[in-house]
Amino acid sequence: MEKKIKSLEIIDILLTIGTVIIGIITVIDIFIPDPLFMLDEAALTAITGLLAYISSLVRKQIDKLKNGSKEKTDIKELEKLNDKISEAASSVKRSRGNK
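Residues numbered from 1 in each chain as written. Predicted model: local features only at pLDDT ≥ 70, side-chain atom pairs only at ≥ 80, totals over all residues. Heavy atoms only, no water.

Draft legend 1. Just the packing of helix H1 (residues 2-31) against helix H2 (residues 41-66), in detail. Where H1 meets H2, the closest approach of the two axes is 9 Å, and the angle between their N-to-C directions is 160 degrees. On the basis of their axis angle, the class for H1 and H2 is roughly antiparallel. With respect to the hand of their crossing, H1 and H2 are arranged in left-handed fashion. Grouping the amino acids of the contact of H1 with H2 by side-chain chemistry returns 15 nonpolar, nine polar and seven charged. (Axes fitted to C-alpha atoms, helices over the stretch in contact; angles between N-to-C directions. Helix = DSSP H or I, 4+ residues; strand = E, 2+ residues; numbered from the N terminus. Parallel < 35°, antiparallel > 145°, perpendicular 65-115°, else oblique. Left-handed = near helix turned anticlockwise from the far one by under 90°. Nonpolar A, V, L, I, M, F, W, Y, C, P; charged D, E, K, R; others polar.)

Structure follows, in structure tokens:
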């Protein structure tokens, strides 16, 4: 159990770092029009939101494991994750289509 918690904590740290990096790139992209990854602000914002959401799901799972809870992932969480992924993919696709 401890090994699984440690692994999830590492994943959470990586997701948080990724969120901060993409967030910084988004702010830079506001001032320098679309030179970074050929993505516009909407796509970068969607990616930032997706990473932050996944990180929150990982933190929830860590808390469940630390409390000894055997709860399974809620289907609504998975549906929301699917929506976030679809939204990010659509934003990236629209961004790339405008170039």
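Draft legend 2. A look at the side chain of Ser-91. Note on placement: Ser-91 falls in helix H3 (residues 75-97). Excluding anything up to four places from it in sequence, Ser-91 contacts Ala-42, Ala-43 and Ala-46. (Contact = heavy atoms within 4.5 Å.)

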